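# An overview of the molecular structure
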Amino acid sequence: MDALHPRLLVDRFADSFRFYAAVLPELAGAQLVRGDAGGPYAGWDVAGQGILALFDRAAMRAVLGDATPAGPAGAAVFVCRVADVDAAHALCVRHGGTSVTAPADRPDWGPGLRTAHLRDLEGTLIELQSYGPAAGAGRVAE
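Keep in mind it's a predicted model, so treat the numbers as computed, not measured.

Across the 8 residues of strand 4 (residues 49–56), 7 count as buried, placing the element largely inside the fold. Across 4 bridges, strand 1 (residues 7–10) lies against strand 4 in parallel orientation. The residue of strand 4 that forms the bridge with Leu9 is Phe55. Where strand 3 (residues 41–46) meets strand 4, 6 bridges bridge the pair, whose relative direction is antiparallel. Its bridge partner being in strand 4, Tyr41 is matched across the sheet by Phe55. With antiparallel pairing between neighbouring strands as the criterion, strand 3 and strand 4 make up a hairpin whose turn holds 2 residues, including Ala47 at a positive phi of roughly 50 degrees.

Attention now moves to the nonpolar core. Burial of nonpolar side chains together is a common tendency in soluble globular proteins. Grouped together as the largest cluster of nonpolar side chains are 26 residues, with contacts concentrated most on Tyr20, Leu27, Trp44, Leu54 and Leu128. The set of elements that each furnish at least two residues to this core consists of strand 1, helix 1 (13–28), strand 3, strand 4, strand 5 (77–81), helix 3 (85–94), strand 7 (114–119) and strand 8 (125–130). The element contributing the most residues to this core is helix 1, with 7 residues.

This part is about the environment of His89. Note that His89 resides in helix 3. We classify His89 as buried; its relative accessible area is 11%. Sequence separation of His89 and Thr101 is 12 residues, and the distance between their C-alpha atoms is 9.6 Å. Not counting the four nearest positions on each side in its chain, His89 is found in contact with Ser99, Thr101, Ala102, Pro103, Ala116, His117, Leu118 and Leu128.

Calculation criteria
- Residues numbered from 1 in each chain as written.
- Predicted model: local features only at pLDDT ≥ 70, side-chain atom pairs only at ≥ 80, totals over all residues.
- Heavy atoms only, no water.
- Buried < 20%, exposed > 50% of the residue type's maximum accessible area, 1.4 Å probe, protein only.
- Helix = DSSP H or I, 4+ residues; strand = E, 2+ residues; numbered from the N terminus.
- Pairing = 2+ DSSP bridges.
- Core = buried A, V, L, I, M, F, W, Y, C linked by side-chain atoms within 4.5 Å.
- Contact = heavy atoms within 4.5 Å.

Structure below.
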């Protein structure tokens, strides 16, 4: 049973599926466990626990009608802890993500924290983060 996991409502299901199918295995060690690019649902797990689900907004609208959230989830951020923020950022951009902030050390947010922010194909904000002494080692803070 999955305790908690984010579900993104997307308009471009096939494109979003391809993006997350390309980046989640490397970013988080996630495996696709349900669905395919045909939609309307897909889910990825890590160690048997849900990490992310995609759901076609039109399929949700068929159930919720006008109560279906519209547009990008402006109040939601998909946070993904990674071993190497710079490599993860490059991976996401290579697969169609749009960079919002370049990888940077953020000591004011937490000791040893390095982050980068980007948007997926639907505009959902993603934060890539790593902690520890290796975060930013050998890099000049931006």
